[in-house]
Amino acid sequence: MSNGILFVMSGPSGTGKGTICEKLLDNKANDLFLSVSSTTREKRKGETDGVTYNYTTEENFKKMAENGEMLEYAVYSGNYYGTPKKTVEDMLLSGKNVLLEIEPQGALKVKDAFPEAVLMFIVPPTMKELRKRLSERGRETEEQIERRLDAAKWEFEQSPRYNYIFVNDSLEECVAEIEKTIRETAKSRSLVDRLLNEKY
Ligand code: 5GP
């Protein structure tokens, strides 16, 4: 059996990346499995330990990182976030396609460790629209929104290192485009696997 494909999704806060990932995971035809990250941030309303994240203390997180249990980790807004190395490797080895929803510092470390990973970046159609989405979400203060918009600029600067950039203007169209990319990647990877195993 060939290894699964590692898909990595990033995009600034407010681009709709979370909703996009939910839709991709809900559609069984995509054959995608989420890697649950560890974090030191507080659990938000509606989140579930072990499903949304594995919530842990900073002390425990640092221990896991020192023991080499993280494929990558990063500090974002003062909290640690990290991808479990063994779980991802086991899923890939068993042929599962894995989705990581992580910020760019981590995504680019994953690209170094797994050059064959497929990196996808979500952008809003305009900065004005991004500001509107952040305001409508009502989760942050005006000052926090300004900080998120500044952070978004840094994230955009990293996007040329990704394999694909998708614009989330219409959610349905954006998801459809990503699903097409997932299908085509799976198809071309299995073609290459077949060619590599063919007698000549
Ligand atoms: P939130 O606190 O809103 O759930 O996530 C904050 C940011 O951390 C998001 O950009 C999210 O994609 C990112 N993130 C979540 N898990 C990980 C992880 O395991 N590693 C890295 N580097 N970023 C992560």
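Because the structure is a prediction, the values reported are computed rather than measured. (Residues numbered from 1 in each chain as written. Predicted model: local features only at pLDDT ≥ 70, side-chain atom pairs only at ≥ 80, totals over all residues. Heavy atoms only, no water.)

### Comments concerning helix 6 (residues 142-158)
Given a rise of 1.5 Å per residue, 17 residues ought to cover 24 Å, and the 25 Å separating the end C-alpha atoms of helix 6 matches this to within 8%. Listing the buried residues of helix 6 in full gives Ile145, Arg148, Leu149, Ala152, Glu155 and Gln158. Looking straight down helix 6, one finds that the buried residues subtend no more than 150 degrees of arc, so they occupy a single side. Every exposed residue of helix 6 that faces more than 90 degrees away from the buried side is listed here: Glu143, Arg147, Asp150, Lys153 and Glu157. (Helix = DSSP H or I, 4+ residues; strand = E, 2+ residues; numbered from the N terminus. Expected span 1.5 Å × (residues − 1). Buried < 20%, exposed > 50% of the residue type's maximum accessible area, 1.4 Å probe, protein only. Arc of directions from axis to C-beta.)

### Focus on the sheet that holds strand 6 (residues 79-84)
One open sheet holds the 4 strands; their spatial order is 4-3-6-5, and the pairing between them is mixed. Whereas interior strands pair on both sides, the edge strands pair on one side only; in this sheet they are strand 4 (54-55) and strand 5 (70-76). Relative to strand 4, strand 3 (residues 38-39) runs parallel, the two sharing 2 bridges. Bridged to threonine 39 within strand 4 is tyrosine 55. On the sheet, helix 3 (residues 85-93) packs against strand 5 and strand 6 and is oriented at approximately 30 degrees with respect to strand 6. (Pairing = 2+ DSSP bridges. Contact = heavy atoms within 4.5 Å. Axes fitted to C-alpha atoms, helices over the stretch in contact; angles between N-to-C directions.)

### Points about the packing of helix 1 (residues 17-26) against helix 7 (residues 171-197)
Packing of helix 1 against helix 7 leaves a shortest axis separation of 10 Å and a crossing angle of 55 degrees. For the element pair helix 1 / helix 7, the angle class is oblique. Crossing of helix 1 against helix 7: the hand is right-handed. For the pair helix 1 and helix 7, the contacting residues are Thr19, Ile20, Lys23 and Leu24 in the first and Leu171, Glu172, Cys174, Val175, Ile178, Glu179 and Ile182 in the second. (Parallel < 35°, antiparallel > 145°, perpendicular 65-115°, else oblique. Left-handed = near helix turned anticlockwise from the far one by under 90°.)

### Looking at the site of the ligand
Near the ligand you find 15 residues, and of these Ser37, Arg41, Tyr53, Tyr81 and Glu103 are the closest. Lysine 17 places a polar side-chain atom, nitrogen or oxygen, 2.9 Å from an oxygen atom of the ligand. One nitrogen or oxygen atom from the main chain of glycine 82 is found 3.1 Å from an oxygen atom belonging to the ligand. Considering the ligand on its own, with 510 Å² of exposed area, one finds that the protein chains cover 92% of that surface. Mapped onto the shell around the ligand, the elements with two or more residues apiece are strand 5 and strand 6. (Near = heavy atom within 4 Å. Polar contact = N/O pair within 3.5 Å; in protein donor to acceptor, adjacent residues only side chain to side chain. Areas by Shrake-Rupley, 256 points an atom, 1.4 Å probe, with all protein chains shown as cover.)

### A word on the environment of serine 35
With respect to the element layout, serine 35 can be found in the loop between strand 2 (32-34) and strand 3. A residue is classified by how much of its surface remains accessible, and serine 35, at 5% relative accessible area, is buried. Sequence spacing of serine 35 and lysine 96 is 61 residues, and the spatial spacing of their C-alpha atoms is 11 Å. Sequence-distant contacts of serine 35, defined by excluding residues within four places in its chain, comprise Thr83, Pro84, Val88, Met91, Val98, Leu99 and Leu100.

### Concerning the packing of helix 5 (residues 127-137) against helix 6
To characterise two packed helices, one gives the angle between the axes of the helices and the distance between these axes. For the pair helix 5 and helix 6, interaxial distance at closest approach is 10 Å and the crossing angle is 140 degrees. If you check the angle between helix 5 and helix 6, you find them oblique. Considering how the two elements wind past one another, helix 5 and helix 6 form a crossing that is right-handed. Across the interface between the two elements, Met127, Leu130, Arg131, Leu134, Ser135 and Arg137 from helix 5 touch Glu142, Ile145, Glu146, Arg148, Leu149, Ala152, Lys153 and Phe156 from helix 6. Grouping the constituent residues of the contact of helix 5 with helix 6 by class yields 7 nonpolar, 1 polar and 6 charged. (Nonpolar A, V, L, I, M, F, W, Y, C, P; charged D, E, K, R; others polar.)

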